[in-house]
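A look at the structure
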There are 2 protein chains.
Amino acid sequence: MIDFPYISNICKPTKSKIIMLVADGLGGMYHPDYGSSELEAARLPNLDKLAATSSCGVTTPVLPGITPGSGPGHMGLFGYDPIKYLLGRGILEGIGIGAPISQGDVVARGNFCTLDEKGNILDRRAGRLTTEEGQFITKKLNSIKVDGVDVEVHHVMGYRFVLVLKGKNLLDSITDTDPQITKIKPLTCQALSNEAKNTANAVNSFVSKANAVFGDMNGSSKGLLLRGFSSLPSLPNFNSTYNLKSVAIASYPMYKGIAELMGMDIIKDLNGFQEEINALKTKLNEYDFFFLHYKPADSAGEDSDFNRKVKALEDLDSYLQQITDMNPDVLVVCGDHSTPSYMGSHSWHPVPCLVKSKYSQPSDGVFTEMSCRNSELGSIKAQELMLNVLAHAGKLNKFGP
Amino acid sequence: MIDFPYISNICKPTKSKIIMLVADGLGGMYHPDYGSSELEAARLPNLDKLAATSSCGVTTPVLPGITPGSGPGHMGLFGYDPIKYLLGRGILEGIGIGAPISQGDVVARGNFCTLDEKGNILDRRAGRLTTEEGQFITKKLNSIKVDGVDVEVHHVMGYRFVLVLKGKNLLDSITDTDPQITKIKPLTCQALSNEAKNTANAVNSFVSKANAVFGDMNGSSKGLLLRGFSSLPSLPNFNSTYNLKSVAIASYPMYKGIAELMGMDIIKDLNGFQEEINALKTKLNEYDFFFLHYKPADSAGEDSDFNRKVKALEDLDSYLQQITDMNPDVLVVCGDHSTPSYMGSHSWHPVPCLVKSKYSQPSDGVFTEMSCRNSELGSIKAQELMLNVLAHAGKLNKFGP
């Protein structure tokens, strides 16, 4: 948790309701073709009105200049040090498809690839492997037995899968088999400590048996590449740390997965933001902290689509009234990272945020990157946002006599 | 000390005089009934004029969202990490009344309470116990002898007292006897480690003998409640760390006590700010760092009295000329925390500060929360202020070759 060991000592239970709306990829930057950032271009009457009576600021997800993945981006918002509690690639991919993963399992991200007659990698993504082909191969691979270890293969889509090793004394301190380049053979998995040798042996045994399975199949020679071996981290529990009862309301498995790791309850089978808002209404009396996730702004930014990102932000604005009508004691609008359409990717830029409560102070601000930075909260670390949120909820006792 | 291990290496002695005026509870926030913060409402011609030629900023006492007590609030201003050097409640209460406390003593905050016939707590504050009654009880309790430990009871006022245990191998890792609720019996003190068992035994022996004393007294059944057992922390010395000769000029014992823990000299028997200013004049040639404490703004904020806080700030402004007339090389005006009258308590809000020296840069600023935040120093941690102060005093050599 944030570098403040006394947080649980000073967090008291209250009846306050906190809604934290995380707009994925919320922040942007100036786009030379349009002469503004997406937030500056968007018509956001509801967000601007809210910002004018909220405590606004910008959050730096990890450190200045550091572009976070979805894992660190979200961990920070909930007060977890995103450097200390880094989720491995295998774990994030696994929870992203809702694969059952337990403490002590070792999980890897996998690619099906194609190999030439010498066994060198031709294509790291196995050409145009269809999802049906991927599912077929996955089924075959799940029949493989490895001594002392249960191996599960979960198909993601197309050429992508997740490998889960379950068993005793497994360790994730082992090397990738994916060299991330072509024209060489897949690497042998190596242990980075004596204690991890049995895990590396299990991986190599699985790969060898998988190659035999591929050999029996018709068509071009297939292989597999594994990277990002990782285990579940031991995370402080969100609810007990902050004295909250929390629930995650999100459509995408990855965000539900991250929330579940922190100890939040999860609402299943939601599809799109209106369904999420409906679920929020239904659950309003059951919980006191609501993590509500909005995805479209990030996707548009990733696709370098300035206008679609503007539209996604305007859509979010039009949903806002339904949320403010629920009269939460604290409403937070924030983002896990910036996704400027100019860059077409996540970026390091600080992300606008607002905290609305009875302790918010009025300003003449609007909800843009520059206006938020010059507002009450100023520029803070993402992991410090949660402290402000708890303060606004009246949940923090004084620190020290 | 602040997370900068080289501070002593680069601090050089100079003839610079530094006056740090700490206005307790200086910062505030927007009050909806008045349409502004207290600093914004107050007429502060001298402070505003000073701010316009000073380096201004805001200090965050501990972390964003965290409301500090007086201990952490002051520790930060003098460059001490307020989380690392947390003073216990017993210690702060003890130094607050000037009780003689040595390294290794264990100190608790005590309440006289009333108990019903079954020994359950009726009133945690013993009704309307007068100071005379409190003094009478204290005198009785000071006759109690406990094996191997010297026990001292110091009366504070009304129902409040301080217990000091002096002896060998005493440890403060023991639990409170004050349950902080009524209708149950006072708790037994328990050791949180094997090494602390003799301390817990001494406490329980004292409580048992005190109950016998109370039993011999007429009137409603009395008892006592103890909490916040703590020992003196081992603090780096302010003078040797910064190469300064420092003195604290304050009327209230608690602030003198904190300063004394840091190694500052203390001026005794001051009553009110004019007497403090007089003492400052007298001592100007003897020291090079002066911690000058102004209390009334905090008290008014605590009492939710917007107008009285405005008046307290205007009073401070009217004293200012006497201080600037002394021509210190560096004049600092800062606060240990905010005390918005809207909240009627300490709060987490960043606190305005100014540093005036020959290196200050002019601005069009005034001395308010928002103007200071958007000024030269920006938003910094309280424990970083001292570095700025030393820099303005010309006391810091270059760091690194």
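Along each chain, residue indices are assigned from 1 in the same order as the chain's sequence is written. Here the convention is simple: chains get letters from A, ligands get numbers from 1, in the order in which they are written. Since the coordinates come from a predicted model, pLDDT governs what is reported: local features require at least 70, and pairs of side-chain atoms require 80 or more to be given and counted, while whole-chain, interface and lining totals use all residues.

1. A look at the domain arrangement of chain A
Where interface size is quoted, it is often the accessible area lost as the parts come together. Residue and element names in this part refer to chain A. Domain start and end points were adopted from an automatic or database domain assignment. Parsing chain A into structural domains produces domain 1 (7-85 + 235-392) and domain 2 (92-230). Taken together, the contacts link six residues of domain 1 with five residues of domain 2. Secondary structure counts use DSSP, requiring at least four H or I residues in a row for a helix and at least two E residues in a row for a strand, with both numbered from the N terminus. Residue contributions to the side of domain 1 that touches domain 2 peak at five residues, all from helix α9 (residues 253-262). Basically, the charged four are Asp, Glu, Lys and Arg, the nonpolar ten are Ala, Val, Leu, Ile, Met, Phe, Trp, Tyr, Cys and Pro, and anything else, Gly included, counts as polar. For the side of domain 1 that touches domain 2, the class distribution of residues is four nonpolar, two polar and no charged. Note on contacts: residues are paired as contacts if their backbone-placed C-beta atoms lie within 7 Å.

2. With respect to the packing of helix α5 (residues 89-96) of chain A against α9 of chain A
Residues and elements named next belong to chain A. Fitted lines through C-alpha atoms give the axes, limited to the stretch in contact for helices. The angle between two N-to-C directions lies from 0 to 180 degrees. Where α5 contacts α9, the axes come no closer than 7 Å and their chain directions differ by 110°. With respect to each other, α5 and α9 are oriented roughly perpendicular. The crossing of α5 and α9 is right-handed. Where α5 abuts α9, its residues L92, I95 and G96 lie against P253, M254, G257, I258 and L261. Broken down by class, the residue content of the contact of α5 with α9 amounts to six nonpolar, two polar and no charged. In this scheme, roughly parallel covers angles under 35 degrees and roughly antiparallel covers those over 145, while 65 to 115 is roughly perpendicular and the rest are oblique. The handedness criterion is simple: a crossing whose near helix is rotated anticlockwise from the far helix by less than a right angle is left-handed, and one whose near helix is rotated clockwise is right-handed.

3. With respect to helix α12 (residues 306-324) of chain B
Residue and element names in this part refer to chain B. With 19 residues, α12 should reach 27 Å at 1.5 Å per residue; the first-to-last C-alpha distance of 27 Å fits that figure. One fitted axis covers the seven residues ending at a residue, a second covers the seven starting there, and the bend at that residue is the angle between these axes. The largest bend in α12 is about 30°, located at S318. Each element contacted by the buried residues of α12 is listed here: β1 (18-23), α2 (38-41), α10 (273-283), β10 (289-294), α11 (296-302) and β11 (330-334). Helix span, as expected, comes to 1.5 Å for every residue beyond the first.

4. Considering the sheet that holds β10 of chain B
Residue and element names in this part refer to chain B. In space, the eight strands of this open sheet follow the order β9-β8-β10-β1-β11-β12-β2-β13, with mixed pairing throughout. Whereas interior strands pair on both sides, the edge strands pair on one side only; in this sheet they are β9 (265-266) and β13 (378-381). The pairing of strand β2 (residues 55-60) with β13 spans four bridges and is parallel. Following the sheet pairing, T59 is matched in β13 by I380. Contacts between α12 and the sheet are confined to β1, β10 and β11, with β1 contributing the most and set at about 170° to the helix. Pairing between strands is defined by DSSP: at least two bridges between them are needed.

5. Side note on the interface of chain A and chain B
If you look at the interface, chain A gives 16 residues, while chain B gives 24 residues. Broken down by secondary-structure element, the contributors of at least two residues to the side of chain A that touches chain B are β13 (378-381) and α14 (382-392) of chain A. With five residues, α14 of chain A is the single largest residue contributor to the side of chain A that touches chain B. Taken together, the residues of the side of chain A that touches chain B break down into nine nonpolar, five polar and two charged.

6. What to know about the relation of the copies chain A and chain B
With an axial shift of 0.0 Å and an RMSD of 0.2 Å, the rotation relating chain A to chain B amounts to 126°. Here the symmetry operator amounts to a three-fold rotation axis. By C-alpha distance to the rotation axis, the residue of chain A lying nearest is N374 of chain A, at 4.2 Å. Looking at the interface residues of chain A, only 6% of them are also at the interface in chain B, so each copy uses its own face. In this comparison the copies share one frame, found by least squares on the C-alpha atoms of residues holding pLDDT of at least 70 in both.

7. Overview of the nonpolar core
By convention in this section, buried Ala, Val, Leu, Ile, Met, Phe, Trp, Tyr and Cys residues joined through C-beta atoms within 7 Å make up a nonpolar core. With C-beta atoms placed from the backbone, a residue counts as buried when 20 or more other C-beta atoms lie within 10 Å of its own, as exposed when 12 or fewer do, and as partly exposed for counts between those limits. Among the nonpolar cores identified, the biggest contains 119 residues, and M20, L21, L163, F290, V332, C353 and V389 of chain A are the most heavily contacted of them. In contact with L21 of chain A, other than residues within four places in its own chain, are L292, Y294, I323, V332 and V333 of chain A. If you look at the next biggest cluster of nonpolar residues, it comprises 111 residues, including A210, M262, F290 and V389 of chain B.

8. Topic: the sheet that holds strand β10 (residues 289-294) of chain A
Residue and element names in this part refer to chain A. One open sheet accounts for eight strands, arranged β9-β8-β10-β1-β11-β12-β2-β13; its pairing is mixed. Taken across any chain shown, the strands that pair with only one partner, and hence form the sheet edges, are β9 (265-266) and β13. Bridge count between strand β1 (residues 18-23) and β10: six bridges; the pairing is parallel. Directly across from M20, in β10, lies its bridge partner F291. Sheet contacts for helix α12 (residues 306-324): β1, β10 and β11 (330-334); angle to β1, the most-contacted strand, approximately 170°.

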